[in-house]
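Below, each chain spelled out in residue letters.
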Amino acid sequence: MDAPQLPVVCAKCHNGAKKTYNCDHTDYAEYCAECYTELHYYLTEPGQGQDPQGASGDGDDAP
Ligand SMILES: [Zn+2]
Ligand SMILES: [Zn+2]
């Protein structure tokens with residue numbers, strides 16, 4: 001019944017959060033930990049390690 005008003009509201013999911021985070025990826029909007037983590041998860045997931053397909057070959061198709 002008593003919903004405690006959390007001080008900050010996430011700009012993405014609009015849920016109250018005890019702590020929010022922001023950076024240039026969020027356009028400096030306050031994101032909750034979950035949204036912030038999720039955002040960076042998708043940002044860092046592809047192409048941070050070795051790319052199995054493009055291992056330093058730039059695919060020059062010379063005849
Ligand atoms: Zn959120
Ligand atoms: Zn960031």
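Here the residue numbers are simple positions, counted from 1 along each chain's written sequence. All chains are assigned letters beginning at A, and all ligands numbers beginning at 1, according to the order in which they are written. Residues qualify for local features only when their pLDDT is at least 70, as the model is predicted, and side-chain atom pairs are given and counted only at 80 or more; totals for whole chains, interfaces and linings, by contrast, use all residues.

Participant: Now, about the overall build of the protein chain: what can you tell me, with residues and values included?
Facilitator: Helices and strands together make up the secondary structure of the protein chain, namely one helix and four strands. Overall, the protein chain shows an N-to-C arrangement of helices and strands of β-β-β-β-α. Each residue is classed by its C-beta neighbour count within 10 Å, where at least 20 other C-beta atoms makes it buried, 12 or fewer makes it exposed, and intermediate counts make it partly exposed; the C-beta atoms are placed from backbone geometry. Sorting the 63 residues of the protein chain into buried and exposed places 10% on the buried side. Sequence separation of at least 24 residues holds for 2% of the intrachain contacts in the protein chain that already meet a minimum separation of 6. The helix and strand labels rest on DSSP assignments: H or I over at least four residues marks a helix, E over at least two residues marks a strand, and numbering proceeds from the N terminus. By definition, residue pairs are in contact when their C-beta atoms, positioned from the backbone, come within 7 Å.

Participant: Could you give an account of the nonpolar core, with specific residues and numbers?
Facilitator: The term nonpolar core refers to a group of buried residues, namely Ala, Val, Leu, Ile, Met, Phe, Trp, Tyr and Cys, whose C-beta atoms join them within 7 Å. Counting residues in hydrophobic clusters, the biggest one holds five residues: Cys10, Tyr31, Cys32, Cys35 and Tyr36. Elements that contribute at least two residues to this core include exactly β4 (31–32) and α1 (33–44). When residues no more than four places from it in sequence are discounted, the contact partners of cysteine 10 are Asn15, Ala17, Thr20, Glu30, Tyr31, Cys32 and Cys35.

Participant: Can you lay out the environment of glutamine 5 for me, pointing to particular residues and giving the numbers?
Facilitator: Its location among the elements puts glutamine 5 in the segment before β1 (8–9). Taking the C-alpha atoms as reference points, glutamine 5 and alanine 17, separated by 12 residues in sequence, lie 9.2 Å from one another.

Participant: Can you tell me about unusual backbone geometry, naming the residues and giving the values?
Facilitator: The phi dihedral of histidine 14 is positive, around 60°, even though this residue is not glycine. Examined against the element boundaries, histidine 14 turns out to sit in the loop between β1 and β2 (16–17). The phi dihedral of tyrosine 28 is positive, around 60°, even though this residue is not glycine. Looking at the secondary structure, you find tyrosine 28 in the loop between β3 (20–21) and β4.

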